[in-house]
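# Secondary and tertiary structure notes
Now for the letters of each chain:
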Amino acid sequence: EKGGYDHFMLKEIYEQPSVIRDTYRGRLLANEGIIKLGGLEEYIPKFINADRIIIVACGTSWHAGLVAEYIFEDWARIPVEVEYASEFRYRNPIITEKDVVIAISQSGETADTLAAIKLAKEKGAFVYGICNVVGSTISRETHSGTYTHAGPEIGVASTKAFTTQITVLTMIALKLAQIKGTISKSNYMMHLRELEQIPNHVEEALKSNDKIKEIAEVFKDASNFLYLGRGYNFPVALEGALKLKEISYIHAEGYPAAEMKHGPIALIDENMPVVVIAINSNHYDKVVSNIQEIKSRKGVIIAVVTKGDTVVREMADYIMEVPNTPETLTPLVTTIPLQLLSYHIAVMLNRNVDQPRNLAKSVTVE
Ligand code: M6R
């Protein structure tokens, strides 16, 4: 049932072009300029009139929530807060009927996320679920929601659930922005078309697999990794680090690149591989100077760059290329090489990739 792949995780990484397509199929009509999400339609006024959106989730789903924070605020101009469900539920949060809570969960069974939903409902908030498992507890406990169509995710390390969650969140943000008029018609249309191209771009990004395997070979014995990104790709850095630690047991930390000089830069030496997401974006020049800071301290750079990049290519020790796409959509492609990098390192270290020690696929106890 692994479809010829050595592990479920690898199969699920390679399924991403098709499941991202499944997730927007029938919901995104790029030529007509239409986004139609069944669970959303009748609740659009709730979103538009909300004082704020609070996103609750755990782990990788929380990272998808962070990406959504940037997208929602940028396009739909609705204030967004992203909370670990476990913190939210125990800190006597301020929630009112004017809040919309979005709960993100692959399994739909995560205990802390479920408890956060119950609390939000008690306080009168409208709760929207983004789940993968159809009929799961969270999908039933939320007022409405949208399913990701990722299909069963067996590997404990979440991969295709993450990219399909971002796909759904991007569609919701685009829809709200269009109705609110906070996005221009041309920008809206352009992003619809570009979203439709994402499966092709992911396909392209997957072609770097052999090269990424070579990079994994070089770094498999490192004992620490740092992952840096800015803007939309800051959460991708967190996700890259989580993926590496959970399946390879190598310590890794993700940081917003600019925070490096507030502490982590002290860790940089010739033994510290630093994975930097340095794709075409508004932050490109800033990321380039972060790379310079690392290089001048003998750090080793593995950079995720946009195809055709020349500047970072010169500076970095190793590069992993991804196709060009509008900045807002970049997390959907930059995630791919980071998944592959952690996968190959874990395999080389003989780890139990699909079922890492101490971890369960769904965390149904707090
Ligand atoms: O099923 P959920 O999305 O609610 O699960 C949340 C986390 O437990 C999950 O994302 C976990 O962090 C993954 N193992 C990460 O790969």
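Here the structure is shown first, and the text comes after it.
Described below are features of the structure shown in this document. (Residues numbered from 1 in each chain as written. Predicted model: local features only at pLDDT ≥ 70, side-chain atom pairs only at ≥ 80, totals over all residues. Heavy atoms only, no water.)

## Side note on the pairing of strand 3 (residues 52-57)
- Among the six residues in strand 3, six count as buried, and that is most of the element.
- By the alternation rule, side chains of strand 3 split into R52, I54 and V56 and I53, I55 and A57, which are all buried.
- In this sheet, strand 5 (residues 99-105) lies alongside strand 3 in parallel orientation, the contact comprising five bridges. Its bridge partner lying in strand 5, R52 is registered against D99.
- For strand 3 and strand 4 (residues 80-84), the ladder comprises five bridges, and the chain directions are parallel. From the neighbouring strand, A57 faces strand 4, where its bridge partner is Y84. (Buried < 20%, exposed > 50% of the residue type's maximum accessible area, 1.4 Å probe, protein only. Helix = DSSP H or I, 4+ residues; strand = E, 2+ residues; numbered from the N terminus. Pairing = 2+ DSSP bridges.)

## Things to note about empty space enclosed by the protein
- Within the structure shown, the criterion is met by two cavities of 30 Å³ or more.
- The space that makes up the largest cavity amounts to roughly 60 Å³.
- Lining the largest cavity are R230, Y232, N233, I277, A278, I279, S281, H283, V287 and E327.
- Of the pockets and cavities examined, the second largest cavity occupies roughly 30 Å³.
- Surrounding the second largest cavity, V236, E239, G240, K243, T335, L338 and Q339 form its lining.
- Only helix 12 (234-248) and helix 15 (331-348) provide two or more residues apiece to the lining of the second largest cavity.
- Tallying contributions element by element places helix 12 first for the lining of the second largest cavity, with four residues.
- Its residues assigned to classes, the lining of the second largest cavity shows two nonpolar, three polar and two charged. (1 Å grid on protein atoms, 1.4 Å probe; cavity = no way out; pocket = protein on both sides within 12 Å on 5 of 7 lines; lining within 4 Å. Points joined across faces, edges and corners; volume = space filled by probe spheres on them. Nonpolar A, V, L, I, M, F, W, Y, C, P; charged D, E, K, R; others polar.)

## Looking at the sheet that holds strand 8 (residues 224-229)
- Ordered by their spatial adjacency, five strands build an open sheet running 9-8-10-11-12, and the pairing between neighbours is parallel. Looking at the sheet topology across the chains shown, the edges are occupied by strand 9 (251-256) and strand 12 (318-322). Within the sheet, the average angular offset between the axes of one strand and its neighbour, ignoring direction, is 20°.
- For strand 10 (residues 273-277) and strand 11 (residues 300-306), the ladder comprises five bridges, and the chain directions are parallel. Pairing of V276 across the sheet is with A303, part of strand 11.
- Helix 11 (residues 209-219) rests against strand 8, strand 10, strand 11 and strand 12 of the sheet, and its axis sits at about 150° to strand 12.
- Sheet contacts for helix 15: strand 8, strand 10, strand 11 and strand 12; angle to strand 12, the most-contacted strand, approximately 130°. (Axes fitted to C-alpha atoms, helices over the stretch in contact; angles between N-to-C directions. Contact = heavy atoms within 4.5 Å.)

Any link to function would need more than the numbers given here.
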